[in-house]
Amino acid sequence: IGCTRTSVHGATYRTAEHAAIARARAVSFQPGTSADDGRSRATDGRRASLSAEEAVEQARREGLTLAESSSSNSGYKNVYYCPNRNSSKKYTVKVRDGGKQA
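Quick caveat: nothing in here was measured; it's all calculated off a predicted structure.

Colleague: Honestly, the nonpolar core in this entry has me stumped. Any pointers?
Modeller: Across soluble globular proteins, nonpolar side chains show a tendency to be buried alongside one another. One finds Tyr13, Ile21, Val79 and Val93 to be the most contacted residues of the largest nonpolar core, which totals 19 residues. Only α1 (16-28), α2 (52-62) and β3 (91-93) provide two or more residues apiece to this core. Top element by residues in this core is α1. It accounts for seven residues.

What follows is the structure, given as structure tokens:
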């Protein structure tokens, strides 16, 4: 899988756990419902980065499930590690929306 800026909202993350929160928020987001609390679908990509432990705690507080995956190089579903990225943020999220790459 190529690591490009065509991921969800082009956001990148320092930890796999932080990226997994973004993925969980993106797949649970439903405009006009209680899940839509005004939070942007872009999630935390532009906010201060969370450590792995902080991200897991944040997910717990929000009631989000971080979907683990043995087939992903990050350990989380739709979260990819991009080691060649010239940044400290080496994780990206890719999810499909209505069958199309988001």
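Colleague: Can you walk me through the packing of aromatic side chains in this structure?
Modeller: The relation between two aromatic rings is expressed through the spacing of the ring centres and the mutual angle of the planes. All told, the structure shown has one aromatic pair when counted by the stated rule. Geometrically, the ring pair formed by Tyr81 and Tyr91 is tilted, given 5.1 Å between the ring centres and 45 degrees between the ring planes. Separated by ten residues along the polypeptide, Tyr81 in strand β2 (residues 79-81) and Tyr91 in strand β3 bring together distant segments of the chain. Overall, the relative accessible area of 16% leaves Tyr91 in the buried class.

Colleague: Would you explain unusual backbone geometry in this entry?
Modeller: Trans is the common state for peptide bonds, and a negative phi is the common state for residues other than glycine. Even without being glycine, Asn78 reaches a positive phi, approximately 65 degrees. For Asn78, a relative accessible area of 19% corresponds to the buried category.

Colleague: Before we go on, may I ask you to explain the environment of Leu64 in this structure?
Modeller: Relative to the assigned elements, Leu64 resides in the loop between α2 and β2. C-alpha of Leu64 to C-alpha of Ala22: the two residues are 42 residues apart in sequence and 9.9 Å apart in space.

Colleague: In this structure, what is going on with the pattern of salt bridges? I would like to understand it.
Modeller: Between side chains of opposite charge, a pair can form as their charged atoms come close. Summed over the entire model, instances satisfying the criterion amount to three salt bridges. Glu57 is the partner of Arg60 in a salt bridge, and the nearest nitrogen-oxygen pair spans 2.4 Å. Taken together, the residues Arg60 and Glu57, both in helix α2 and three residues apart, mark about one turn of the helix. Given a relative accessible area of 55%, Arg60 falls into the exposed group. Judged by its relative accessible area of 30%, Glu57 falls in the partly exposed class. Arg61 serves as the salt-bridge partner of Glu57, at 3.7 Å between the closest nitrogen and oxygen. Taken together, the residues Glu57 and Arg61, both in helix α2 and four residues apart, mark about one turn of the helix. Note on Arg61: relative accessible area 51%, which makes it exposed.

Colleague: Where do I start with α2 in this structure?
Modeller: Listed in full, the buried residues belonging to α2 are Ala55, Gln58 and Ala59. Along the long axis of α2, the arc covered by the buried residues comes to 100 degrees, so they all point the same way. Facing away from the buried surface of α2 by more than 90 degrees, the exposed residues are Glu53, Arg60 and Arg61. Looking at the buried positions of α2, the neighbouring elements they touch are α1. Where α2 ends, the next residue or the one after it, Gly63, has phi of about 75 degrees, a positive value.

Conventions adopted
Residues numbered from 1 in each chain as written. Predicted model: local features only at pLDDT ≥ 70, side-chain atom pairs only at ≥ 80, totals over all residues. Heavy atoms only, no water. Core = buried A, V, L, I, M, F, W, Y, C linked by side-chain atoms within 4.5 Å. Buried < 20%, exposed > 50% of the residue type's maximum accessible area, 1.4 Å probe, protein only. Helix = DSSP H or I, 4+ residues; strand = E, 2+ residues; numbered from the N terminus. Phe/Tyr/Trp six-rings, centres within 6.5 Å; stacked < 30°, edge-to-face > 60°. Salt bridge = Lys/Arg side-chain N within 4 Å of Asp/Glu carboxyl O. Arc of directions from axis to C-beta. Contact = heavy atoms within 4.5 Å.

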